[in-house]
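# An overview of the molecular structure
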Amino acid sequence: MSGHPPVFRAPQLHVGDGETNRRVTWMELFFDLVYVATLVQLGNYLSDNTSLQGFLAFAFLFIPVWWSWIGTTFYANRFDSDDTLHRVLVFAQIAAVYNMAVNLEGGLGENTARFALAYAFGRFILVLMYFRAANSIPQARALATRYGLGFLIAGIIWATSAFVPAPARYIVWVIALAVDFGTPLVNIRLQLMLPPSAGHLPERFGLFTIIVLGEGFLKVVGGMSGVVLTIPEILLDVPGLVIAGALWWIYFDNVAETRFRINRFRAQVWLYTHLPLHLSLTALGVGIYKLVTQEDAEGLPENYRWLICGSVALAFLTIGIIEWTISREWNRQVQSELVLRVIGAAVALLLAIFGGLLAPTVVMWLLGLNGVLQVAVDLLWRYQRQQAGEHVEPAKTLVASGQD
């Protein structure tokens, strides 16, 4: 029975790199499940609205969903609070995210007032968590109090937006997001004094990346259930799996297994660059779903081509930037890796622009080959460094970042 968590216990502070074997908790994994459903809802909206306007609305809704996950993740990274009260608060946050998810249907339509209230409720729960930590941990009182106050102001603005008619409501959302994102940015000095756990943080972001990639597989499997594919359909659809596999390979080989540097600039870049990365991976899953479920296997509509190729371009570019943030120094290896990612992004973007001149199957296989070459060059360079006796892994030092 000694393994049971305490019924009530004040939050404990996790600081820095001291706990190298710290694991993600069952509570955190359970909390992530509600985001699976939320990302499915976001993907459903984009699937029904693949125009530029639909994509922009999808992105605008994606940001608060992603930031709500960031808030709880960074709190849990710093504060260990697995007691009864903390679990009740997390369940309340799950209810808030659940209500955000059910109000995503229709995008920026009549449900946005309820979406804003649900998001505000989640912020108020996070505020209670931070104020509890401030009351229990003198060492973290300044940081937790400032975060609590910042997110309280953001939550009030979000709640107020529900009573503002559209489209002015979305201007209020932008103001609320500015306060939300600005709260950690104006407290970087306190972050550096209480740096986050170096091993736990990339693991949490890796798990969310798996969720994002998995949402695409859920859509594709659901769309293909009971369908007998023809040879042309297989030739058109298989590269989508190759592309997803290549992006997984690059991210989890070069990003997810690393720790970070204490650097106030690179830390913020590492965190905020995950936003367009996760957005692009979600959009890519939708694009591949639309591709494999379209009735005409001989055609690739322009909006699908832009959705798929543009998402791949953004994913390569953001992964390259994240790889740079975790490097020890700006050396030839780092330059080469970043140039490689930029080339991959450029090729994907060129296919989006000029792919209408090519057969759809050719476009998809060129995109898949682009991903395979990214992985192959990575492996070649790693093999050469191993043969030369060089250290292969990126820097594994700590970063102080984001909404922590």
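Rules of the game
Residue positions are given per chain, counted from 1 along the sequence in the order it is written. Two thresholds apply to this predicted model, a pLDDT of at least 70 for residue-level local features and 80 or more for giving and counting side-chain atom pairs, whereas whole-chain, interface and lining totals are computed over all residues. Processing note: side-chain calculations cover all non-hydrogen atoms of the structure and skip hydrogens and water entirely. Only DSSP runs of H or I covering at least 4 residues are called helices, and only runs of E covering at least 2 are called strands; the numbering of each starts at the N terminus. Summary of the burial criterion: residues with accessible area below 20% of their type's maximum are buried, those above 50% are exposed, and those between are partly exposed, where the area comes from a 1.4 Å probe applied to protein chains only. We call two residues contacting when some pair of their heavy atoms lies within 4.5 Å. We define a salt bridge as a contact between a side-chain nitrogen of Lys or Arg and a carboxyl oxygen of Asp or Glu at a distance within 4 Å. Each polar contact in these results corresponds to two N or O atoms within 3.5 Å; when the atoms are within protein, one needs to be able to donate a hydrogen and the other to accept it, and residues that are neighboring in sequence are counted only if both atoms are side-chain atoms. The convention used is that axes are lines fitted to C-alpha atoms, helices contributing only their stretch in contact, and that angles between N-to-C directions extend from 0 to 180 degrees. Here roughly perpendicular refers to angles of 65 to 115 degrees, roughly parallel to angles under 35, roughly antiparallel to angles over 145, and oblique to all remaining angles. Under the scheme applied, nonpolar residues are Ala, Val, Leu, Ile, Met, Phe, Trp, Tyr, Cys and Pro; charged residues are Asp, Glu, Lys and Arg; polar residues are all the others, including Gly. You can read pLDDT as the predictor saying how much it trusts each residue, on a scale of 0 to 100. Buried residues of nine kinds, namely Ala, Val, Leu, Ile, Met, Phe, Trp, Tyr and Cys, make up a nonpolar core once their side-chain atoms join them within 4.5 Å. The pairing test for Phe, Tyr and Trp rings, Trp by its six-membered ring, is centres within 6.5 Å, and the orientation test on the planes gives stacked under 30 degrees, edge-to-face over 60, and tilted for anything in between. The rule is short: NZ of Lys or CZ of Arg within 6 Å of the ring centre and within 35 degrees of the ring normal puts a charge over the ring.

Our focus in this paragraph is the overall build of the protein. When helices and strands are counted, the protein shows 13 helices and 2 strands. Expressed as a percentage of the 404 residues in the protein, the buried residues total 55%. Long-range contacts, defined here as pairs at least 24 residues apart, represent 85% of the contacts in the protein between residues at least 6 apart.

A cis amide bond links Ala-166 with the next residue in sequence, Pro-167, at an omega value of 5 degrees. When you line up the elements, Pro-167 lands in the loop between helix H5 (141-161) and helix H6 (168-185).

Turning to the pattern of salt bridges, a few remarks are in order. Within the structure shown, the criterion is met by 8 salt bridges. In this structure, the salt-bridge partner of Arg-87 is Asp-82, at a minimum N-O distance of 2.8 Å. The residue Asp-83 makes a salt bridge to Arg-132 at a minimum N-O spacing of 2.6 Å. Placement of the pair is Asp-83 in the loop between strand E2 (79-80) and helix H3 (84-102) and Arg-132 in helix H4 (residues 112-136), with a sequence separation of 49 residues. In this structure, Asp-83 and Arg-132 share a single accessibility class: buried.

Here the focus is the environment of Gln-12. Within the secondary structure, Gln-12 sits in strand E1 (residues 12-13). Sequence separation of Gln-12 and Ala-133 is 121 residues, and the distance between their C-alpha atoms is 8.0 Å. Apart from the residues lying within four places of it in its own chain, the contact partners of Gln-12 are Arg-78, Phe-79, Asp-80 and Ile-137. Among the polar contacts made by the side chain of Gln-12, one reaches the main-chain carbonyl oxygen of Ala-10 at a distance of 2.9 Å.

To continue, consider the packing of helix H1 (residues 26-48) against H3. In a pair of packed helices, the angle between the axes and the distance between the axes together describe the arrangement. Interaxial distance between H1 and H3 falls to 9 Å at its minimum, and their mutual angle equals 5 degrees. By the angle between their directions, the pair H1 and H3 is classed as roughly parallel. Across the interface between the two elements, Met-27, Phe-30, Phe-31, Val-34, Tyr-35, Thr-38 and Gln-41 from H1 touch Arg-87, Val-90, Phe-91, Gln-93, Ile-94, Val-97, Tyr-98 and Ala-101 from H3. Across the contact of H1 with H3, the residue classes break down as 11 nonpolar, 3 polar and 1 charged.

Once that is clear, we can look at the side chain of Thr-72. Here Thr-72 lies in helix H2 (residues 52-78). Look at Thr-72 and you get buried, because its relative accessible area is 8%. The residues contacting Thr-72, other than those within four sequence positions of it, are Phe-31, Gln-93 and Leu-126.

Moving on, we get to the packing of helix H11 (residues 302-325) against helix H13 (residues 360-387). Between H11 and H13, the shortest axis-to-axis distance is 11 Å and the interhelical angle comes to 10 degrees. Judged by the inter-axis angle, H11 sits roughly parallel to H13. Contacts between H11 and H13 pair Arg-305, Ile-308, Cys-309, Val-312 and Phe-316 from the former with Val-363, Met-364, Leu-367, Asn-370, Gly-371 and Gln-374 from the latter. For the contact of H11 with H13, the residue count by class is 7 nonpolar, 3 polar and 1 charged.

Time to look at the side chain of Glu-215. Turning to its location among the elements, Glu-215 is positioned in helix H8 (residues 200-224). Beyond its immediate stretch of four places on either side in the chain, Glu-215 contacts Leu-39, Val-40, Gly-43 and Thr-282.

Our focus in this paragraph is the confidence of the model for the protein. Predicted coordinates in areas of low pLDDT are best not read in detail. Confidence along the protein averages 85 in pLDDT terms, with 86% of residues attaining 70 or more. By mean pLDDT, H8 is the weakest element of the protein at 80, and H5 is the strongest at 96. Segment residues 394-404: pLDDT under 50, and 69 contacts once partners within four positions in sequence are set aside and those in other chains are kept.

With respect to the helices and strands, Arg-87 occurs in helix H3. Exposure remark for Arg-87: the relative accessible area of 33% places this residue in the partly exposed category. Beyond its immediate chain neighbours, meaning those up to four positions away, Arg-87 contacts Pro-5, Met-27 and Asp-82.

It is worth spelling out the nonpolar core at this point. Ranked by size, the top nonpolar core spans 86 residues in total, and within it Trp-66 and Phe-205 carry the most contacts. Discounting chain neighbours no more than four positions away, the residues touching Trp-66 are Phe-205, Phe-208, Leu-271, His-274, Leu-275 and His-278. Core analysis: the next-biggest nonpolar cluster, separate from the first, contains 19 residues, Leu-89, Ile-125, Ala-140 and Leu-190 among them.

This part takes up the packing of aromatic side chains. On inspection of all chains with the given rule, the structure shows 27 aromatic pairs. Between Phe-60 and Trp-173, the ring centres sit 5.6 Å apart and the planes meet at 35 degrees, which makes this aromatic pair tilted. Remark: Trp-173 occurs in helix H6 and Phe-60 occurs in helix H2; sequence separation between them is 113 residues. Here Phe-60 matches Trp-173 in class, with each residue buried. The structure contains a cluster of three or more aromatic residues connected by ring pairs, namely Phe-31, Tyr-35, Trp-69, Phe-74, Phe-205, Phe-208 and Trp-270. We note Arg-123 situated over the ring of Phe-151; from NZ or CZ to the ring centre the distance is 4.7 Å.

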